[in-house]
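What the coordinates show
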Amino acid sequence: MKMKRLIGIMMLAVAGVVTVAAQQMPTIPVDPDVRIGKLDNGLTYYIRHNNWPENRAEFYIAQKVGSIQEDDNQRGLAHFLEHMAFNGSKHFKGNELLRWCESIGVKFGTDLNAYTSIDQTVYNISNVPTTRETIIDSCLMILWDWADGLLLEQEEIEKERGVIHEEWRLRSSAQQRMLERDLPKLYPGSKYGHRMPIGLMEIIDNFERPFLQAYYEKWYRPDNQGIIVVGDINVDQVEQKIKTMFGQIAKPGADAAKIEWVEVPDNADPIVVIDKDKEQRIDFVEVMVKHPAIPDSAKSSLEYLVTNYMKRVASGMLNSRFSEIVQQPDCPFLQASVNDGTYLLSKTKDALDLVVVPKEGKMNEALKAAYTELRRAAEFGFTATEYGRSKATTLSALDKEYSNKDKRYNSQFVNQYVQHFLANEPIPSIDDSYQMMKQLVPAIPLETINTIMKMMAPRNDSNLVVVNFNQEKEDANYPTEEGLLSAINEAKAAQLTAWVDNVKDEPLMTTLPTPGKIINEVKVDKFVTETTDGVKSGYSELTLSNGVKVVLKQTDLKKDQVLLTAEGWGGSSLYGLGDRANVALFSDVVEASGLGNFSHTELIKALAGKVASATLSMSTYRTNVNGSSTPKDVETMLQLAYLYMTANIKKDQKSVDQLMRTMEVQLKNRLLQPEAVFADSLNVTATSHNPRFRNLDVEDLKDVDYDRILRMAKERTANAAAFTFTIIGNYNDSTIRPLIEQYIASLPAQNMIPEKGSDVATDYTGKVVNDFKHKGETPKAIAVLNWYTKQLPYTLRNSIRAHMAGQVLQMVYLKEIREEASASYTVVAQASLNRSDFADEANLLAYCPMKPEKADTAIAIMRRAVQDMAAGKIDADMVKKVKEYMLKSHADQLKQNGYWQGRISVWRKWGLDFHTDYVKTVQAITPASICGFVREVLKAGNELEVVMLPAE
Ligand SMILES: [Zn+2]
């Protein structure tokens, strides 16, 4: 499209949203690189070629229907149907679909999945290796089966009832329970009040097949379906195949049911919902003001894009104010945020949405204070400095995205096309959208944003909805409708003054350190990668004048990314029990502090428009600085790292006090959740009740000593020579060395042996059992079994054997516990091999949240399958599938900077090359060798069982 003319059009668009009547706005052009078509029977398709990474593709089918289309006697069946898509279809009987996908390295739950929401159901087969034409055919066949070939067999329905019931149990939480029972009040007189996708368990457990069949036949029709294929495929060929295959599906008759949008009625008087649940951890209030949603038909207009952008800018600036305000000691709320989007579940209605988490017992004051800020923004608008930061942030994010345009993943395209099909969201090409936004962002005056803010903020009580969820406890004083509404009214009546934006206008570092020197550079011909231009290189190892080592590896795997890691000896093991709380909150407190001359908030403001970050953290035996940036902002990232490494953390008591208040609320009611009770028991049992590893409780917070944490940070970073720095990514090769000399070679370092810390691990030994009962609002059962040994050396081969054993076990569990016994919705098995400074440890873990009545069955299977493997019983076909998956994900890993960083680190630390022979080693592992791994782990005799069952 012609960009020159756009500026004028933009201004028209901007004018359009502030004046009321939108005239004919220009439309947003559709990306010409996606092939969109419609068959005679109404089916829509989107096909796009994309070869990053090569030999991969995504296959999606989106349905414009969901739970809102259910009749009263079908509640939950839209979602049930989605499950049945994996349990028998014309070309894939029973669970053959899962088994076939496994054979091409596509895992159920990871790459093969689906979701059902209120108005859409979307299925996907992702990360498909397109190495054979027949694979593409079979994936299209699966989409075809989903569209029109589900068998819905009685026997499979019976088995799936249990799985979905367990999915309901897993998702059952305080918030879910309250929302479900309050929905009718939030949607008076509307179907939305009774259509949570999970549905009613009495229907799930008892419905008769025809009710499911009826939904399928009525709604899964080509005119409601969109096929999306993106990846390393031939567009013409795939289009031809879609036409041939999907063209056979009959065209719906004229009497086919129409999708009718369910309207959400306006409310003249406020709707106030106050509810409580014993497991609700954090009280909050949410104020929503409903307004019309932009209809799908109007979304291709430029006005839609501009309006959305301006709303995002306005709420973003208000949210920044909220994070600044909460640091004031007398602020009655702990957190607040605002957003303008969909009203709860309904695409036909939008709402301005303000969420407020109060300090204890201050619900009304908190609501009043947060609402007052909303009024302040509406009345006085934002300042030029706030808006300047917002624009800078948007523009740098745009540049970052655009610079990586040749290396966008298939999933990025697919998600856009799914939303275009389902909701007519615009899909311009990245060139068009980049140029549009680059012109638009600087061209919109602040006054226009302020006008939008005024329009977003409500002036009267019409369409007002207030939701307040509380923890149910004895002697509690719950908020009242009158109290909440008068808080809002008082905020509306308050006399306000304009916001003052405090900024520190100086560079991150005013004086730069005296640079050191790179005294040696060795090129290492290992871990070789190739750039887009065909340049192959390994990595370099630099020795700096202060003794620090820097590993340097240039890649263009992500054109917008440079990663920094610095790993130093000595971590929390150097500190005693008295520092337990300080250690646990070390990185949070450091993060909440300021840096250099800047307070925490000043720092955030100073970094607006930069895409650079760095953190300082501590693990048991190491101290780490991790950072990332765009190529343009590498210097800023190195400055942040420099400031951390030179103990330039600035004490910011207000900000850390706010962190502590937040922690207090998070920790206080943690154990109201059954899952947290289980996690605590597991943790305590697995670490032999060592207080060092106990999870933090609210009582521990009084032990946090800010000054002590700052001293610890100083101690840990005192000697840069204890660190190895790694810089990897798309940095500029001609400027990186001077920057390293400036910011890393200049770090203070001592010629001394770094403190290493001592072995503090306290694993359980022998057979340990902790079975207990817990009473929750929804009866829940969870089991973990674990085995480990310290006798297996850390090698590439053993590490691969471990991963394979875990994955084979996971396949057995999926088949036996979920598919056959219907005892669980999700079940996990994993095995790994790790090395610390003191020991190598191989671990095998099985985890399963399950139906309480079937706990014995599930645990017996978990245990038996492991023993079977140890005894040499293993399905060779499963091993083959696991290899397929591992080789495929390995190929994907090669595209990640993080992978190379990890491989180089293992090589330099332990002298182990986990990369070069990876493929060969995977291929050579035999089924017997995997069994041997399990046998060796079990032989050590360390076995843990933690089981939680519901109390009566
Ligand atoms: Zn489900």
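The structure presented is a predicted model; accordingly, all values stated were derived computationally and were not measured.

Counting residues in each nonpolar core, the largest one holds 63 residues, and the members touching the most others are Leu544, Val550, Phe725, Ile727, Ile740 and Ile744. Per element, the largest residue contribution to this core is nine residues, and it comes from helix α20 (residues 634–645). If we ignore the near neighbours within four places in the chain, the residues touching phenylalanine 725 are Val548, Lys549, Val550, Val551, Leu564, Thr565, Ala566, Met645, Ile744 and Leu747. Among the nonpolar cores identified, the runner-up in size contains 59 residues, and Leu43, Leu98, Trp144 and Leu152 belong to it.

Now for the coordination of the zinc ion. Summarising the metal site, the zinc ion is bound by the protein donors His79 (NE2), His83 (NE2), Glu167 (OE) and Glu167 (OE), whose distances to it range over 2.1 to 2.6 Å. Taken together, the four donor atoms coordinating the zinc ion span angles of 55 to 143° at the metal, a pattern that classifies the geometry as irregular. Here the donor residues of the zinc ion share one chain and are spaced in sequence as H-x3-H-x83-E. Here the residue histidine 79 and the residue histidine 83 both occupy positions in helix α2 (residues 77–84), the gap between them amounting to four residues, near one helical turn. The same class applies to histidine 79 and to histidine 83, which are both buried.

Here we take up the sheet that holds strand β22 (residues 781–789). A sheet is described by the order of its strands in space; here five strands give the open sequence β21-β25-β22-β24-β23, paired in mixed fashion. Every interior strand has two partners, whereas the edge strands, β21 (767–774) and β23 (828–835), have only one. Across the sheet, the mean angle separating the axes of adjacent strands is 10° when strand polarity is ignored. Summarising the sheet, β23 and strand β24 (residues 840–850) pair through eight bridges and their orientation is antiparallel. By the bridge assignment, serine 832 is partnered in β24 with asparagine 843. The sheet contacts of helix α25 (residues 796–820) involve β23 and β24, and relative to β23 the element is tilted by about 170°. Here helix α26 (residues 855–870) sits on the sheet in contact with β22, β24 and β25 (942–950), set at roughly 155° to β24.

A few words now on the pairing of strand β14 (residues 549–554). Here strand β13 (residues 536–544) pairs with β14 via four bridges, running antiparallel. Note that in β14 the partner of threonine 543 across the bridge is lysine 549. Hairpin connection of β13 to β14: four residues between the antiparallel strands, including glycine 547 at a positive phi of 95°. Across six bridges, β14 lies against strand β20 (residues 723–729) in parallel orientation. For valine 551, the partnering residue across the bridge sits in β20 and is threonine 726.

Let us now look at helix α12 (residues 384–403). Between its first and last C-alpha, α12 extends 28 Å over 20 residues, near the 28 Å set by a 1.5 Å rise per residue. Buried within α12 are the following residues: Glu386, Tyr387, Arg389, Ser390, Ser396 and Leu398. At its buried positions, α12 is contacted by α10 (302–325), α14 (430–443), α15 (446–456) and α19 (600–606).

Moving on: the environment of glutamine 923. Structurally, glutamine 923 is set in helix α29 (residues 918–924). Through-space distance from the C-alpha of glutamine 923 to that of glycine 538 is 25 Å; in sequence the pair is 385 residues apart. Those residues in contact with glutamine 923 that lie beyond four places of it in its chain are Lys883 and Leu887.

Moving on, we get to the pattern of salt bridges. Inspection of the entire model under this criterion finds 78 salt bridges. The residue lysine 605 makes a salt bridge to glutamate 324 at a minimum N-O spacing of 3.1 Å. With lysine 605 in helix α19 and glutamate 324 in helix α10, this pair connects stretches of sequence that are 281 residues apart. With respect to class, lysine 605 is no different from glutamate 324; both count as buried. Glutamate 945 is the salt-bridge partner of arginine 863, the closest N and O atoms lying 2.5 Å from each other. Here the residue arginine 863 occupies a position in helix α26, and glutamate 945 occupies one in strand β25, the gap between them amounting to 82 residues. By sharing partners, the salt bridges in this structure join Arg99, Glu102, Glu819, Asp877 and Lys881 into a single network.

Two pairing modes exist for strands in a sheet, parallel and antiparallel, and in both the strands are linked by backbone hydrogen bonds. Taken in spatial order, the five strands line up as β7-β11-β8-β10-β9 in an open sheet, and their pairing is mixed. At either margin of the open sheet sits one strand with a lone partner, and together these are β7 (271–277) and β9 (333–343). Across the sheet, the mean angle separating the axes of adjacent strands is 15° when strand polarity is ignored. Pairing of β9 with strand β10 (residues 346–358), which is carried by 10 bridges, proceeds in the antiparallel orientation. Paired with serine 337 across the two strands is valine 355, which belongs to β10.

Turning to unusual backbone geometry, a few remarks are in order. Here tryptophan 52 and proline 53 are connected by a cis peptide whose omega angle stands at -10°. Inspection of the secondary structure assignment puts proline 53 in the loop between β2 (44–49) and β3 (56–63). Although it is not a glycine, aspartate 475 adopts a positive phi angle of roughly 55°. Take aspartate 475: it is sitting in the loop between β11 (464–471) and α16 (481–493). Judged by relative accessible area, which is 79%, aspartate 475 ranks as exposed. Even without a glycine there, the phi angle at serine 688 is positive, about 55°. Structurally, the position occupied by serine 688 is in the loop between α22 (674–686) and α23 (706–717).

In this section: the pairing of β3. Put simply, side chains in a regular strand alternate between the two faces of the sheet. Within β3, eight of the eight residues are buried, which leaves the element mostly enclosed by the surrounding structure. Both faces of β3 are covered, namely the face carrying Arg56, Glu58, Tyr60 and Ala62 and the face carrying Ala57, Phe59, Ile61 and Gln63. Pairing between β3 and strand β5 (residues 121–129): seven bridges, direction antiparallel. Across the sheet, the residue bridging to isoleucine 61 is tyrosine 123, located in β5. For β3 and strand β6 (residues 225–231), the ladder comprises seven bridges, and the chain directions are antiparallel. Bridging from a neighbouring strand, tyrosine 60 pairs with isoleucine 228 of β6.

Right, let's talk about the packing of aromatic side chains for a bit. One pass over the structure, following the stated rule, counts 24 aromatic pairs. Each ring, one from tyrosine 899 and one from tryptophan 900, has its centre 5.1 Å from the other, and the planes form 85°; the classification is edge-to-face. For the pair tyrosine 899 and tryptophan 900, a shared accessibility class is recorded, and that class is buried. Counting every residue linked through ring pairs, the aromatic cluster contains Phe86, Phe108, Tyr123, Trp146, Tyr215, Tyr216 and Tyr220. The cationic tip of lysine 553 hangs over the ring face of tryptophan 900; the distance from NZ or CZ to the ring centre is 5.5 Å.

Looking at the chain as a whole, its pLDDT mean stands at 95, while 97% of the residues score no less than 70. Contacts for the low-pLDDT stretch residues 1–23, under 50 throughout, to residues beyond four places or in other chains number 35 contacts.

This paragraph deals with the environment of alanine 457. Residue position: alanine 457 is located in the loop between α15 and β11. For the pair alanine 457 and alanine 378, spaced 79 residues apart in sequence, the C-alpha separation works out to 6.2 Å. If near-sequence neighbours (up to four positions away) are discounted, alanine 457 is found in contact with Leu352, Leu374, Arg375 and Ala378.

Let's shift gears to helix α8 (residues 209–219). Two residues of an α-helix separated by three or four positions point the same way, owing to the 3.6 residues in each turn. For α8, every residue scored as buried is listed here: Leu212, Gln213, Tyr215, Tyr216 and Trp219. The buried residues of α8 occupy one face: seen down the axis, they fall within an arc of 160°. Turned more than 90 degrees away from the buried face of α8 sit Pro210 and Glu217, all of them exposed. Residues of α8 that are buried sit in contact with α2, α4 (133–148) and α5 (154–171).

Definitions and cut-offs
Residues numbered from 1 in each chain as written. Predicted model: local features only at pLDDT ≥ 70, side-chain atom pairs only at ≥ 80, totals over all residues. Heavy atoms only, no water. Core = buried A, V, L, I, M, F, W, Y, C linked by side-chain atoms within 4.5 Å. Buried < 20%, exposed > 50% of the residue type's maximum accessible area, 1.4 Å probe, protein only. Helix = DSSP H or I, 4+ residues; strand = E, 2+ residues; numbered from the N terminus. Contact = heavy atoms within 4.5 Å. Donors = N, O, S within 2.8 Å, 3.2 Å for Na, K, Ca; no water. Tetrahedral: all angles 85-135°; square planar, octahedral: opposite > 155°, others 65-115°. Pairing = 2+ DSSP bridges. Axes fitted to C-alpha atoms, helices over the stretch in contact; angles between N-to-C directions. Expected span 1.5 Å × (residues − 1). Salt bridge = Lys/Arg side-chain N within 4 Å of Asp/Glu carboxyl O. Phe/Tyr/Trp six-rings, centres within 6.5 Å; stacked < 30°, edge-to-face > 60°. Lys NZ or Arg CZ within 6 Å of the ring centre and 35° of its normal. pLDDT = per-residue confidence, 0-100. Arc of directions from axis to C-beta.

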